[in-house]
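Each chain, written out:
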Amino acid sequence: MTLVSLREVLRGTRQQRFAVGAFNAMDHAFAEGILQAAEEMRTPVILAGGDFPGPDYSRFIPYLLDRLERSDVPVCLHFDHGSSFEACARAIRSGYSSVMIDGSLLPFEDNIAITKRVVDMAHAHGVDVEGELGCIGSNAGSMEEEETGSVYTDPESARVFVRETGVDALAVAIGTSHGLYRQAPDLDFERLEAIRQRVDVPLVMHGSSGLSERDFSSAIDGGICKINAFTALTMKVTRQIAEDLRDTELALSMSHMISLKMTEYAKREVMRHIRMFRTLPIEED
Ligand SMILES: [Zn+2]
């Protein structure tokens, strides 16, 4: 079994300046692409699920856990953007090794309170927790659906938040947004540095679609250890499949050929991101 906690999958990231990608496993074919990419590159990886429109995760998680038994790289199964204590508890019961509690829209004290409650419960079950402070906004077309603005993370509040809650990782808002950007985001690396100096847990970046390789590199150098990547990646896979379907031979062939293509393209895109994230391979013995 290669299921590991969030702390374990992010081990060494901060000191050795690399990040681990969290990619959304929305169905069997895409999940397979993510896992094959990590297996081939011998790197750790984070598979993200959540209460998103799409798969029935109550059926999908047992499949993923079974598939992970046959994987030989460390995989963290992470519940993304948990909206309540109950949602996180449900995720832990279903087998996730890590949960995110997103109290970022709540007032500061309430965010601390709900996050701490989830941390106490999760840690009692050996599960790690990611919190969010500040608010990472959403662009149109993101899975968060609603378009919202961002509130940048205040470095001093981040220090208090981590100390009070005991979170294992912290998602910070430094100028990124979920979904696709209308214009290139302007990232606040000074703020990131100020947060890094005050917080010793791994920092997490959401809303990475459309960032350049240079942005990723600067973010990782600035202390980002986990990067959530999905929208741009999945859309690229879809576009490639659409392109292929213009070829009548594939368009008229059996439907599972499309699933196989999806795995192949997802694998290729995830490998490209693993390289951009500078994820170090595991030490093989
Ligand atoms: Zn997010």
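Before reading further, recall that the structure is shown in the block above.
Summary of the structure given here. (Residues numbered from 1 in each chain as written. Predicted model: local features only at pLDDT ≥ 70, side-chain atom pairs only at ≥ 80, totals over all residues.)

1. Quick look at the packing of helix α3 (residues 28-41) against helix α12 (residues 256-276)
Argument step 1. Between α3 and α12, the least distance of the axes is 7 Å, while the angle of their chain directions is 45°. The orientation of α3 with respect to α12, classified from their angle, is oblique. Where α3 crosses over α12, the handedness of that crossing is right-handed. In this structure, α3 contributes A29, F30, E32, G33, I34, Q36, A37 and M41 to the contact, and α12 contributes S259, M262, T263, A266, K267, V270, M271 and I274.
Argument step 2. When grouped by side-chain class, the residues that make up the contact of α3 with α12 number 10 nonpolar, four polar and two charged. (Axes fitted to C-alpha atoms, helices over the stretch in contact; angles between N-to-C directions. Helix = DSSP H or I, 4+ residues; strand = E, 2+ residues; numbered from the N terminus. Parallel < 35°, antiparallel > 145°, perpendicular 65-115°, else oblique. Left-handed = near helix turned anticlockwise from the far one by under 90°. Contact = placed C-beta atoms within 7 Å. Nonpolar A, V, L, I, M, F, W, Y, C, P; charged D, E, K, R; others polar.)

2. Examining the pairing of strand β2 (residues 45-49)
Argument step 1. Across the five residues of β2, five count as buried, placing the element largely inside the fold.
Argument step 2. The alternating pattern of β2 places V45, L47 and G49 on one face and I46 and A48 on the opposite face, and all of these are buried.
Argument step 3. In the classification by handedness, the crossover that spans strand β1 (residues 20-24), the intervening α3 and the parallel β2 is right-handed.
Argument step 4. Alignment of β2 against strand β3 (residues 75-82), held across five bridges, turns out to be parallel. Bridge pairing links A48 to H78 in β3. (Buried ≥ 20, exposed ≤ 12 C-beta atoms within 10 Å, placed from the backbone. Right-handed = clockwise from strand over helix to strand, strands pointing away. Pairing = 2+ DSSP bridges.)

3. A short note on α3
Count 3.6 residues to each turn of an α-helix, and residues three or four apart come out pointing the same way.
Argument step 1. Taking 1.5 Å per residue as the helical rise, α3 with its 14 residues ought to reach 20 Å, and the 20 Å between its terminal C-alpha atoms agrees with that figure.
Argument step 2. Among the residues making up α3, those that are buried are F30, A31, G33, I34, L35, A37 and A38.
Argument step 3. Buried residues along α3 sit in contact with β1, β2, α4 (57-69) and α12.
Argument step 4. Of the residues trailing α3, R42 is marked for its positive phi of about 60°. (Expected span 1.5 Å × (residues − 1).)

4. A closer look at the environment of I112
Argument step 1. Relative to the helices and strands, I112 resides in helix α6 (residues 108-124).
Argument step 2. When near neighbours in sequence (up to four residues on either side) are disregarded, I112 contacts F161, E164 and T165.

5. Here we look at the sheet that holds β1
Paired through backbone hydrogen bonds, the strands of a sheet run either parallel or antiparallel to each other.
Argument step 1. With respect to topology, eight strands assemble into a closed barrel ordered β1-β2-β3-β4-β5-β7-β9-β10, the strand pairing being parallel. Taken pair by pair, the neighbouring strands of this sheet meet at an average axis angle of 30°, ignoring direction.
Argument step 2. Where β1 meets β2, three bridges bridge the pair, whose relative direction is parallel. Note on β2: the bridge partner recorded for N24 is A48.

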